[in-house]
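For reference, the chains in residue letters:
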Amino acid sequence: MKIVFLDRKSIGDDIDLTQFKEFGELVIYDYSTVAEAAERTVDADIIVLNKVPINEQTIGKAKNLKLVCVTATGTNNLDKEYLAKRGIEWRNVAGYSTEAVAQHTLSLTLYLLEHLSYYDNYVKSEKYINDKMFTHFEMHFNEIAGKTWGIIGLGAIGKRVAEIATCLGANVIYYSTSGRNHSDIYKEVDFDTLLSTSDIVSIHAPLDDNTLHLMDAKAFDKMKESAILINVGRGPIIAEKDLADALNTNKIAAAGLDVLDVEPMSDQNPLKDIKDSNKLIITPHIAWAAVEARVRLMDIIHGQIKEYLFK
């Protein structure tokens, strides 16, 4: 067996991949363009990838290819019809990053809610040195306890965030974008009710026809001016120009994003000009990437290959 990793850098250099050598020859590439992938997969039996497109252009010459493993949950980069035509199986991974993404959701929320950027800068600018008072609370903030936390998308991650929010004393409500996920624990509401009553709104939904640009100007108009928006779902769920306008005109208080419409960030992104970290924090798609989550991810991929080979 020849196993080819096409974009190893997408899971980090710190993750040990030596366990995959038990299956045969292991070839690892840090990155692969479409053209490079077409050449590098020619004699591969199994390929492992994250974002590389898999279609006739990239694997058309791969006559030995039997299995494609995606180191992610999303499979938009797979031409499944072509794979089926070739009899090539594929696998993806779900559930490996629930704890990491839920933790990052809380991190973004607290960063914005407590104006941590302002207070960090206040101390590091040395304004706190020999100040008149032991405390300083120029930027007011509130407790999560007693506030309404609205969750868009009550899948595994949404449910974990709901548990954390409840532990902090929040009143949790949710809106199911698919209409399939329901809970006896939390209150289900329609989209408009969630927007108009939530103090914190966090997005944990997949990208589909129901969620594309779900958060647009009309949605922001319905939110509280004091509301915080968090997106750790998919970037295109938010209409970024509308979010920029909402932040610049104080229609909502702040936003924390880990995903964008185009990644890496485009220089045309309207959010790049908002430099006030009390209003906006953007992290570079790292919510999933805790060390434990990435190790768990590759252990699952290893298990999938083993199951395929020895079924």
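Counting restarts for each chain: residues are numbered from 1 in the order of the written sequence. This being a predicted model, a pLDDT of at least 70 is required before a residue's local features are given, and a value of 80 or more before pairs of side-chain atoms are given or counted; all residues contribute to the totals for chains, interfaces and linings. Just so you know, side-chain values use all the structure's heavy atoms and leave hydrogens and water out.

With that settled, the discussion passes to the sheet that holds strand β11 (residues 254-257). Remark on secondary structure: sheet strands pair via backbone hydrogen bonds, oriented parallel or antiparallel. On the basis of which strands lie adjacent, the open sheet formed by 7 strands has the order β8-β7-β6-β9-β10-β11-β12 and parallel pairing. Because the sheet does not close on itself, it has two edges, and the strands there are β8 (187-188) and β12 (280-282). Here β11 pairs with β12 via 3 bridges, running parallel. For Gly256, the partnering residue across the bridge sits in β12 and is Ile281. By the convention used here, residues are in contact when the closest approach between their heavy atoms is within 4.5 Å. Between N-to-C directions, angles span 0 to 180 degrees; the directions come from axes that are lines fitted to C-alpha atoms, helices contributing only their stretch in contact. Segments assigned H or I by DSSP are reported as helices when at least four residues long, segments assigned E as strands when at least two residues long, and all are numbered from the N terminus. Against the sheet, helix α4 (residues 98-113) engages β6 (148-152), β9 (200-203), β10 (228-231), β11 and β12, with an angle of about 155° to β10. Along the sheet face, helix α9 (residues 240-248) touches β10, β11 and β12 and points at about 145° away from the line of β11. When DSSP finds two or more bridges between a pair of strands, those strands are recorded as paired.

In the contact formed by α4 and helix α6 (residues 156-167), the axes pass within 9 Å of each other and the chain directions differ by 50°. It follows from the interaxial angle that α4 and α6 lie oblique. With respect to the hand of their crossing, α4 and α6 are arranged in right-handed fashion. On the side of α4, the interface is formed by Thr98, Glu99, Val101, Ala102, Thr105 and Leu106, while α6 contributes Ala156, Ile157, Arg160, Val161 and Ile164. Of the residues in the contact of α4 with α6, the class split is 7 nonpolar, 2 polar and 2 charged. For classification purposes, an angle smaller than 35 degrees is called roughly parallel, one larger than 145 roughly antiparallel, one from 65 to 115 roughly perpendicular, and anything else oblique. Two helices that cross are described as forming a left-handed crossing if the nearer one is turned anticlockwise from the farther one by less than a right angle, and a right-handed crossing if clockwise. Charged residues are taken to be Asp, Glu, Lys and Arg, nonpolar residues to be Ala, Val, Leu, Ile, Met, Phe, Trp, Tyr, Cys and Pro, and polar residues to be all remaining types, Gly included.

All right, on to the pattern of salt bridges then. Salt bridges are defined by distance alone: a side-chain nitrogen of Lys or Arg within 4 Å of a carboxyl oxygen of Asp or Glu. Following the criterion strictly, the structure yields 15 salt bridges and no others. Residues Lys61 and Glu39 are paired through a salt bridge, measuring 2.6 Å at the closest nitrogen-oxygen approach. Linking Lys61 in the loop between α2 (56-59) and β4 (67-70) with Glu39 in helix α1 (residues 34-40), this pair joins segments that are 22 residues apart in sequence. Between buried and exposed lies partly exposed: a residue is buried under 20% and exposed over 50% of the maximum accessible area for its type, with that area taken using a 1.4 Å probe on protein chains only. Owing to a relative accessible area of 48%, Glu39 belongs among the partly exposed residues under this scheme. When salt bridges with common partners are traced through the structure, they connect Glu99, Arg160 and Glu163 into a single cluster.

Moving on to the side chain of Thr58. Considering the arrangement of structural elements, one finds Thr58 in helix α2. Within polar-contact distance, the side chain of Thr58 engages the backbone nitrogen of Asn55 at 2.9 Å. Excluding residues within four positions of it along the chain, Thr58 makes contact with Val34, Ala37, Ala38, Thr41 and Pro53. Two N or O atoms count as a polar contact when they lie within 3.5 Å, although within protein this holds only if one can serve as hydrogen donor and the other as acceptor, and sequence-adjacent residues are included solely when both atoms are side-chain atoms.

Turning next to empty space enclosed by the protein. The method works on a 1 Å grid over the protein atoms by themselves. A cavity is a set of points holding a 1.4 Å probe that cannot get out, a pocket is an open set with protein on both sides within 12 Å along at least five of seven lines, and residues with an atom within 4 Å of a point line them. Grid points are joined across faces, edges and corners, and a volume is the space filled by probe spheres set on the points. The final tally for this structure, using the stated rule, is 1 cavity of 30 Å³ or more. Empty space within the largest cavity amounts to approximately 40 Å³. Taken together, Phe5, Asp7, Arg8, Ser10, Ile11, Val48, Leu49 and Thr71 make up the full set of residues lining the largest cavity. For the lining of the largest cavity, the per-class residue count stands at 4 nonpolar, 2 polar and 2 charged.

Attention shifts here to unusual backbone geometry. Here the residue pair Glu263 and Pro264 is connected by a cis peptide bond, since its omega of -5° sits within 30 degrees of zero. On the secondary structure map, Pro264 appears in the loop between β11 and β12. Not every positive phi belongs to a glycine, and Glu126 is a case in point at roughly 70°. The exposure class assigned to Glu126 is exposed, which follows from its relative accessible area of 53%. With phi around 60°, Asn250 is a residue other than glycine that occupies positive phi space. Tracing the chain through its elements places Asn250 in the loop between α9 and β11.

Each patch is built from salt-bridge-free residues with over 30% relative accessible area, joining like charges within 9 Å and nonpolar side chains (Val, Leu, Ile, Met, Phe, Trp, Tyr) within 5 Å. Only the protein chains shown count as covering a residue, and every accessible area follows the Shrake-Rupley method with a 1.4 Å probe. Taken together, the side chains of Val123, Tyr128 and Phe134 make up a nonpolar region of the molecular surface, amounting to roughly 340 Å² of accessible area. Along the chain, Val123 falls in helix α5 (residues 116-124).

Let us look at the side chain of Thr71. Note on placement: Thr71 falls in the loop between β4 and α3 (80-86). Accessibility expressed as a relative area gives 3% for Thr71, which makes it buried. A polar side-chain atom of Thr71 sits 3.4 Å from a polar atom in the side chain of Asn50. Not counting the four nearest positions on each side in its chain, Thr71 is found in contact with Ser10, Ile11, Val48, Leu49, Asn50, Tyr96, Leu297, Met298 and Ile301.

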